[in-house]
Amino acid sequence: MLHTVSVLVENEFGVLSRVASLFSGRGFNIDSLTVAPTNEEGLSRMTIVTRGDEQILEQITKQLNKLIDVLKVIDFSDGSAIEREMILVKVAAEDENRAEVLRIVDIFRAKIIDVTPKSYTIEATGSPAKIDAILELLRPLGLKELVRTGAVAIGRGAKGWKG
C-alpha cells in the first residue's frame, strides 16, 4: 500500500541525507520525495511517498520522530490530504497524431508549453491517478521524454501543521 508522509524539518545542512539514510538503512524504498522551504523561515517540508503495511508506516514514523531536525510527521495515507504531481512530457507530434495529442491535452486540462515540427511538450498537474491516466493515453502516441515531480500534499481542512 502507498503511504504519503509529510515531514516538517529544520532547513539545515544534512537533514535530507539523514532522512534518506533512515529509509535505506532499514530497507524501505522511497517512491517519491519532494522538499521545499515553507512559509516559515528556516523550515522545510518533505513529502515522502513510500510502500508498506501499517506496521512499516508506524516504524517509519517513529524513526523519523527520533531525528533531531524533524519537528513534526503527518501521515496522509487516510485520504485526509490534497495530493498533486506535475509532469513535463515530450510527445511525438507527427501529422497523423497531432490532433489526438491536442484532444488529450484538452480533456486533462493540461498545457502545451513548447511546439516543434516533430513534438509537443506538455505540462500536466493533478492527482497521481490523473497523471497516470494522461500518461497511459499519451504513451501509444510516442513519449520522447518524461519528467515527473513526485507528490506534494497538504492536509484538508484542519489537518495539517497548524490544524
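Residues numbered from 1 in each chain as written. Predicted model: local features only at pLDDT ≥ 70, side-chain atom pairs only at ≥ 80, totals over all residues. Heavy atoms only, no water.

The protein chain goes by Acetolactate synthase small subunit in an unreviewed UniProt entry, where it is assigned to Oryzomonas rubra. Its UniProt record, at the heading Function (unreviewed entry), says of the protein chain: "Catalyzes the conversion of 2 pyruvate molecules into acetolactate in the first common step of the biosynthetic pathway of the branched-amino acids such as leucine, isoleucine, and valine." (UniProt positions renumbered as here; feature names shortened; annotations may be inferred.)

Asker: How do you make sense of the packing of aromatic side chains when you look at a structure like this?
Answerer: The relation between two aromatic rings is expressed through the spacing of the ring centres and the mutual angle of the planes. Overall, the coordinates contain one aromatic pair when judged by the stated rule. Between Phe 23 and Phe 28, the aromatic rings sit 6.5 Å apart at their centres with planes inclined by 80°, giving edge-to-face as the arrangement. In this structure, Phe 23 and Phe 28 share a single accessibility class: buried. (Phe/Tyr/Trp six-rings, centres within 6.5 Å; stacked < 30°, edge-to-face > 60°. Buried < 20%, exposed > 50% of the residue type's maximum accessible area, 1.4 Å probe, protein only.)

Asker: How should I be thinking about the UniProt feature "domain: ACT" (unreviewed entry) in the protein chain in this particular structure?
Answerer: Per the UniProt entry, the sites bearing "domain: ACT" (unreviewed entry) are residues 4–78 in this numbering. Secondary structure across residues 4–78 comprises 32% helix and 40% strand; the distance between its end C-alpha atoms is 9 Å. (Helix = DSSP H or I, 4+ residues; strand = E, 2+ residues; numbered from the N terminus.)

Asker: How should the sheet that holds strand E2 (residues 30–37) be read in this particular structure?
Answerer: Strand pairing in a sheet takes place through backbone hydrogen bonds and is either antiparallel or parallel in direction. Ordered by their spatial adjacency, four strands build an open sheet running E2-E3-E1-E4, and the pairing between neighbours is antiparallel. At either margin of the open sheet sits one strand with a lone partner, and together these are E2 and strand E4 (70–75). If you compare each strand with its neighbour and ignore which way they point, the axes differ by 15° on average. Looking at chain direction, E2 and strand E3 (residues 43–51) are connected through seven bridges and run antiparallel. (Pairing = 2+ DSSP bridges. Axes fitted to C-alpha atoms, helices over the stretch in contact; angles between N-to-C directions.)

Asker: What's the story with a nonpolar patch on the surface in this structure? I'm lost.
Answerer: Residues Leu 16, Leu 33 and Val 35 make up a contiguous nonpolar surface patch of roughly 220 Å² in combined accessible area. Following the sequence through the fold, Val 35 ends up in strand E2. The class for Val 35 is partly exposed, based on a relative accessible area of 42%. (Patch = residues over 30% accessible without salt bridge, like charges linked within 9 Å, V, L, I, M, F, W, Y side chains within 5 Å. Areas by Shrake-Rupley, 256 points an atom, 1.4 Å probe, with all protein chains shown as cover. Salt bridge = Lys/Arg side-chain N within 4 Å of Asp/Glu carboxyl O.)

Asker: Help me understand the packing of helix H3 (residues 98–107) against helix H4 (residues 128–142), please; the structure alone is not making it clear to me.
Answerer: When two helices pack together, their arrangement is given by the angle between the helix axes and by the axis-to-axis distance. At their nearest, the axes of H3 and H4 sit 11 Å apart, and the two run at 175° to each other. Taken together, the axes of H3 and H4 are roughly antiparallel relative to one another. Across the interface between the two elements, Glu 100, Val 101 and Ile 104 of H3 pack against Ile 134, Leu 137, Leu 138 and Leu 141 of H4. Looking at the contact of H3 with H4 residue by residue, the classes come out as six nonpolar, no polar and one charged. (Parallel < 35°, antiparallel > 145°, perpendicular 65-115°, else oblique. Contact = heavy atoms within 4.5 Å. Nonpolar A, V, L, I, M, F, W, Y, C, P; charged D, E, K, R; others polar.)

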